[in-house]
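# Structural overview
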Amino acid sequence: MDDGATPELGIRRLIDEWVDAASLPPDGRLPAERHIAEQLGCTRAQVRRVMAQLEQEGRIVREVGRGTFLTGRAMEPVPAAAVGGSFAPAAIMTASLVFEPEVVSLAALAATEVDFTELRRCLARGAAATDYESFEQWDISLHRAFAVATHNPQIVAMVDVLNSTRNNPVWGRLKRDGFTPQNRATIEQEHEEIVEALAQRDRRRAAAAMTDHLRFVRSVVSGL
């Protein structure tokens, strides 16, 4: 691997690329561990470790005698309709403020180096985004990565529900209307502060930074 990434991150990226390129359906079968190791120039043990993490996150399922398969539901956010229909922006923000600070507090204790690499990748890709849609998608990916860093599948599922509510047309319009260069710069700085707090294993700082971030997003969406 020649891009400086760890083998674990390279494996994750390869799977994401297969999915993004539509070369695998949502429930598609992944190549054998040996094939992945050969393609990336890493060991089968490294591949096996990442597969165990992905299985814990609910992204894949391994079936003895059959192989390893994507879990179609885990690759997509849970639809808001599945948990009671559409959500108003105020309800979304209230739920996020109650839940997400505790998520990063837990992540500060549980995150691994692989998690930190993914968090920084999301930060970098968000910073490189040239339009609102791309930035928003990397924003969503970052918040999901915070949940994944807790290594608790139930927390990941709950954050997926919160993220899915961003498809609400009212939320999308309000967020887009507030997407100014100044607001974007503030959001990026707040994201970096959360990640830095996690890197320092500082639970209180991480939770406070997430609270400040969500309050700012609420002000952007509400216009207040």
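Let us look at the structure shown here. (Residues numbered from 1 in each chain as written. Predicted model: local features only at pLDDT ≥ 70, side-chain atom pairs only at ≥ 80, totals over all residues. Heavy atoms only, no water.)

Bridge analysis of strand 1 (residues 60-63) against strand 2 (residues 67-70) gives 4 bridges, and the strand direction is antiparallel. Bridging across to strand 2, glutamate 63 finds its partner in glycine 67. Remark: 3 residues form the turn of the hairpin made by strand 1 and strand 2, two consecutive strands paired antiparallel; glycine 65 in that turn has positive phi of roughly 85°. (Pairing = 2+ DSSP bridges. Helix = DSSP H or I, 4+ residues; strand = E, 2+ residues; numbered from the N terminus.)

Moving on, we get to the packing of aromatic side chains. Scanning the model with the defined rule gives 2 aromatic pairs in all. Ring geometry for tyrosine 132 against phenylalanine 179: centres 5.1 Å apart, planes inclined by 75°, an arrangement best described as edge-to-face. Taken together, the residues span a long stretch of sequence, with tyrosine 132 in helix 7 (residues 132-148) and phenylalanine 179 in the loop between helix 9 (169-177) and helix 10 (181-199) at a distance of 47 residues. Using a relative accessible area of 11% as the deciding quantity, one classes tyrosine 132 as buried. Note on phenylalanine 135 and phenylalanine 179: the rings are 5.4 Å apart at their centroids and 50° apart in plane angle, and the pair reads as tilted. Residue phenylalanine 135 is found in helix 7, and its partner phenylalanine 179 is found in the loop between helix 9 and helix 10; the two are separated by 44 residues along the sequence. (Phe/Tyr/Trp six-rings, centres within 6.5 Å; stacked < 30°, edge-to-face > 60°. Buried < 20%, exposed > 50% of the residue type's maximum accessible area, 1.4 Å probe, protein only.)

With that settled, the discussion passes to the side chain of arginine 184. Tracing the chain through its elements places arginine 184 in helix 10. Within the structure, arginine 184 has its side chain in polar contact with the backbone oxygen of alanine 127 (distance 3.1 Å). Here arginine 184 is in contact with Gly126, Ala127, Ala128, Ala129, Phe135 and Phe179, once residues within four sequence places are set aside. (Polar contact = N/O pair within 3.5 Å; in protein donor to acceptor, adjacent residues only side chain to side chain. Contact = heavy atoms within 4.5 Å.)

Let us look at unusual backbone geometry. In the Ramachandran plot, histidine 151 falls in the positive-phi region, its phi being about 60° despite a non-glycine side chain. With respect to the helices, strands and loops of the structure, histidine 151 is situated in the loop between helix 7 and helix 8 (153-164). Of note, arginine 201 is a non-glycine position whose phi angle comes to about 60°, a positive value. Examined against the element boundaries, arginine 201 turns out to sit in the loop between helix 10 and helix 11 (203-222). Using a relative accessible area of 38% as the deciding quantity, one classes arginine 201 as partly exposed.

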